[in-house]
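If you want the building blocks of each chain, they are given just below.
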Amino acid sequence: DSSGYSGINFRGTNIQVRNNFVNHSALTRDDVGGIYTGYSGETGKVIDGNIVLNTIGTSAGTNTASSYTLAPGIFVDDNGSFITISNNTVSGGNNSGIKIHNGHDLTIINNTFYNNGVKGNTSRGQMEFMNNNQNLDPIRNNVLKKNVLLATNNDQLVALYTTILGLSDVQSYLS
């Protein structure tokens, strides 16, 4: 509870993050998640059964002052792959409930993402996929099943897909 950076930040192969309660994270920094991981080649990760609330994010602890904050509840960053994200509940985040940044071969199943995103953040959906890498580990082969995505007001999006490669790339995000 009440961490300045990420609530849980992990790297490695075959790591499991299970049954945690993360609340009020990213209080002094941004570009991090309540639960944060990523990196290509680190396979076998599991994020399961966690409750992540109130991922705040602030640019005050960075060298770029801005009203926009990047602090999703669950953040798979920098080409994360072969990760299972299941049975989590994420709510009350300033940003996305879950953000996939250039991630591939992910299984995202049985999660609930609701009431994430505040007015003014361009990235304010319950689920966000972002591809800003030309062809290095594009977003592909992701399985999404039985997730609940609920925007609770008009300033929130349900899902957000962005890419530098055009509409046909968005259509290729899922298997």
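Asker: Sorry, what's going on with the side chain of T37 here?
Answerer: Of note, T37 is situated in strand β4 (residues 35-38). Here F10 takes part through its backbone oxygen, which lies 2.8 Å from a polar atom of the side chain of T37. Apart from the residues within four sequence positions on either side, T37 is in contact with F10, K45, I47, F75, V76, D77 and I83.

Asker: Could you clarify how one ought to interpret the sheet that holds strand β5 (residues 45-48) in this entry?
Answerer: As a general point, the strands of a sheet are linked pairwise by backbone hydrogen bonds and lie either parallel or antiparallel. Strands sit in the order β2-β5-β8-β11-β14 across an open sheet of five strands; the sheet is parallel. Both outer strands of the open sheet, β2 (16-18) and β14 (143-145), are each paired with one neighbouring strand and no more. The mean angle between the axes of side-by-side strands here comes to 5°, regardless of whether they run parallel or antiparallel. Pairing analysis gives three bridges linking strand β8 (residues 83-86) to strand β11 (residues 107-109), with the strands arranged parallel.

Asker: I keep staring at the side chain of K99 and nothing clicks. Help me out?
Answerer: Structurally, K99 is set in strand β10 (residues 98-101). A distance of 3.3 Å separates the side chain of K99 from the side chain of E128, its partner in a polar contact. When sequence neighbours within four positions are dropped, the list of residues in contact with K99 reads L70, P72, I74, F75, V76, S123, E128 and M130.

Asker: What exactly am I supposed to notice about the sheet that holds strand β16 (residues 157-163) here?
Answerer: Pairing in this open sheet of six strands is parallel, and the strands run β1-β4-β7-β10-β13-β16 from one edge to the other. Among the strands making up the open sheet, the edge pair consists of β1 (8-9) and β16. As paired strands, β1 and β4 are joined by two bridges and run parallel to one another. For I8, the partnering residue across the bridge sits in β4 and is I35.

Reading guide: rules and limits
- Residues numbered from 1 in each chain as written.
- Predicted model: local features only at pLDDT ≥ 70, side-chain atom pairs only at ≥ 80, totals over all residues.
- Heavy atoms only, no water.
- Helix = DSSP H or I, 4+ residues; strand = E, 2+ residues; numbered from the N terminus.
- Polar contact = N/O pair within 3.5 Å; in protein donor to acceptor, adjacent residues only side chain to side chain.
- Contact = heavy atoms within 4.5 Å.
- Pairing = 2+ DSSP bridges.
- Axes fitted to C-alpha atoms, helices over the stretch in contact; angles between N-to-C directions.

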